[in-house]
Amino acid sequence: MKQTFFIALVGLLLIVSPSWAGVTNNPNPVQKAIDSVFPELPYAYNALEPTIDAKTMEIHYSKHHKAYYNNFLAAIKGTPAAELDLKSLFAEISKQPALVRNNGGGYYNHMLFWENMSPTKTTPSAALKAAIEKDFVSVDKFKEEFANAAKKQFGSGWAWLVLGKDGKLFVSSTPNQDNPLMDVVEKKGTPLLCIDVWEHAYYLKYQNLRADYVDNFWNVVNWDTVSKRFETK
Ligand code: MN
């Protein structure tokens with residue numbers, strides 16, 4: 001009985017949130033950028049405490065992310081970019097003004113970020129774990145490389161775990177709101193996991209100690225989402 005209810009609930013959630021699931025786990029190949037929706041946060045503002053405090057989450061989501069979304073839609077409205085899906089837009093982002101690149105990246109990257117965190121303890125799937133061990137030797141070595149990329153990114157930006165076109169996983173970092181789907185980025189591929197290292201992501205709680213924020217990030221990584229991104233690619 002309980003199981004039936006759970007299955008019905010999951011089914012209902014899938015039905016009511018198709019654009020959210022589609023955009024984040026596998027960028028929707030047909031949805032126009034102008035039809036982008038501002039997503040619900042998948043948990044409460046205080047859900048990731050003590051790693052990320054409620055005030056930071058509230059400002060980050062309701063002010064920063066919302067502003068990227070609004071500015072992105074305003075920037076593409078009435079232009080050919082509005083007719084492209086996000087993946088196609090990012091693939092030729094070099095042709096776009098900085099306003100589209102920065103706000104489009106900001107809109108998209110934060111969706112990935114919210115979804116690849118969770119208050120629930122999770123672990124990588126067997127397939128993802130095997131791939132990480134193949135390309136990084138061990139999960140710990142991968143974490144070390146990812147954390148280093150996050151700590152060393154100069155100024156604002158992101159660190160990523162990416163699946164390259166050759167099927168290999170790699171770690172990278174990008175400045176500002178760039179992401180691995182963009183043609184301007186040197187190391188391109190499908191983003192699986194990201195961490196926001198803009199000061200707005202951690203400064204209220206961690207001040208200048210970005211390294212502590214990065215080290216604590218592992219407490220809230222949603223490996224279920226990361227595994228799903230890897231396996232549905
Ligand atoms: Mn941010």
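Here's what I pulled together on the structure shown here. (Residues numbered from 1 in each chain as written. Predicted model: local features only at pLDDT ≥ 70, side-chain atom pairs only at ≥ 80, totals over all residues. Heavy atoms only, no water.)

## Section: the pattern of salt bridges
Part 1: On inspection of all chains with the given rule, the structure shows 7 salt bridges.
Part 2: Note that lysine 95 and glutamate 92 form a salt bridge whose closest N and O atoms lie 3.7 Å from each other.
Part 3: Lysine 95 sits in the exposed class, given a relative accessible area of 62%.
Part 4: For the salt bridge of glutamate 133 with lysine 129, the shortest nitrogen-to-oxygen distance reads 3.0 Å. One end of the pair, glutamate 133, and the other, lysine 129, are both in helix H6 (residues 126–136), 4 residues apart, so they sit about a helical turn from each other.
Part 5: A relative accessible area of 34% places glutamate 133 in the partly exposed class. (Salt bridge = Lys/Arg side-chain N within 4 Å of Asp/Glu carboxyl O. Buried < 20%, exposed > 50% of the residue type's maximum accessible area, 1.4 Å probe, protein only. Helix = DSSP H or I, 4+ residues; strand = E, 2+ residues; numbered from the N terminus.)

## Details of the packing of aromatic side chains
Part 1: On inspection of all chains with the given rule, the structure shows 23 aromatic pairs.
Part 2: Between lysine 66 and the ring centre of phenylalanine 38, over which it is positioned, the NZ or CZ distance is 5.2 Å.
Part 3: Sitting over the ring of tyrosine 206, lysine 205 keeps its end group 5.6 Å from the ring centre. (Phe/Tyr/Trp six-rings, centres within 6.5 Å; stacked < 30°, edge-to-face > 60°. Lys NZ or Arg CZ within 6 Å of the ring centre and 35° of its normal.)

## Topic: the coordination of the manganese ion
Part 1: Each protein donor to the manganese ion is listed here as His60 (NE2), His110 (NE2), Asp196 (OD) and His200 (NE2); together their distances run 2.0 to 2.1 Å.
Part 2: Taken in sequence order, the residues that donate to the manganese ion follow the motif H-x49-H-x85-D-x3-H. Of this pair, histidine 60 sits in helix H3 (residues 54–76) while histidine 200 sits in the loop between strand E3 (190–196) and helix H8 (203–206), placing them 140 residues apart in sequence. Of the two residues examined, histidine 60 and histidine 200, each falls in the buried class. (Donors = N, O, S within 2.8 Å, 3.2 Å for Na, K, Ca; no water.)

## A closer look at the environment of leucine 181
Part 1: Its location among the elements puts leucine 181 in the loop between strand E2 (169–175) and E3.
Part 2: On the basis of relative accessible area, leucine 181 is assigned to the buried category, the value being 14%.
Part 3: For the pair leucine 181 and glycine 105, spaced 76 residues apart in sequence, the C-alpha separation works out to 9.5 Å.

## Details of the packing of helix H7 (residues 139–152) against helix H9 (residues 210–217)
Part 1: Running from N to C, H7 and H9 point in directions that differ by 150°, and their axes come no closer than 9 Å. It follows that H7 is roughly antiparallel to H9 by the angle criterion. For the pair H7 and H9, the crossing hand works out as right-handed. Contacts between H7 and H9 involve Phe146, Ala147, Ala150 and Lys151 from the former and Arg210, Ala211, Val214, Asp215 and Phe217 from the latter.
Part 2: For the contact of H7 with H9, a count of residues per class yields 6 nonpolar, no polar and 3 charged. (Axes fitted to C-alpha atoms, helices over the stretch in contact; angles between N-to-C directions. Parallel < 35°, antiparallel > 145°, perpendicular 65-115°, else oblique. Left-handed = near helix turned anticlockwise from the far one by under 90°. Contact = heavy atoms within 4.5 Å. Nonpolar A, V, L, I, M, F, W, Y, C, P; charged D, E, K, R; others polar.)

## Structural notes on the nonpolar core
Part 1: Grouped together as the largest cluster of nonpolar side chains are 67 residues, with contacts concentrated most on Phe142, Phe146, Leu169, Ile195 and Tyr213.
Part 2: Looking at this core element by element, the count peaks at 8 residues for H3. (Core = buried A, V, L, I, M, F, W, Y, C linked by side-chain atoms within 4.5 Å.)

## Remarks on the environment of tyrosine 202
Part 1: Looking at where tyrosine 202 falls in the secondary structure, it is placed in the loop between E3 and H8.
Part 2: Expressed as a C-alpha distance, the spacing of tyrosine 202 and tyrosine 213, which sit 11 residues apart in the sequence, is 6.6 Å.
Part 3: When residues no more than four places from it in sequence are discounted, the contact partners of tyrosine 202 are Thr56, Val197, Gln207, Arg210 and Tyr213.

## Some words on the pairing of strand E1 (residues 157–163)
Part 1: With respect to burial, E1 is a largely interior element, 7 of its 7 residues being buried.
Part 2: Side chains Gly157, Ala159, Leu161 and Leu163 of E1 all project onto a buried face; the interleaved residues Trp158, Trp160 and Val162 project onto the opposite face, where all are buried too.
Part 3: Bridge analysis of E1 against E2 gives 7 bridges, and the strand direction is antiparallel. Looking across to E2, one finds that tryptophan 158 is bridged to threonine 174.
Part 4: Here E1 hands over to E2 after 5 residues, with glycine 167 in that stretch at a positive phi of 85°.
Part 5: Where E1 meets E3, 6 bridges bridge the pair, whose relative direction is antiparallel. Considered in E3, the bridge of alanine 159 is made with isoleucine 195. (Pairing = 2+ DSSP bridges.)

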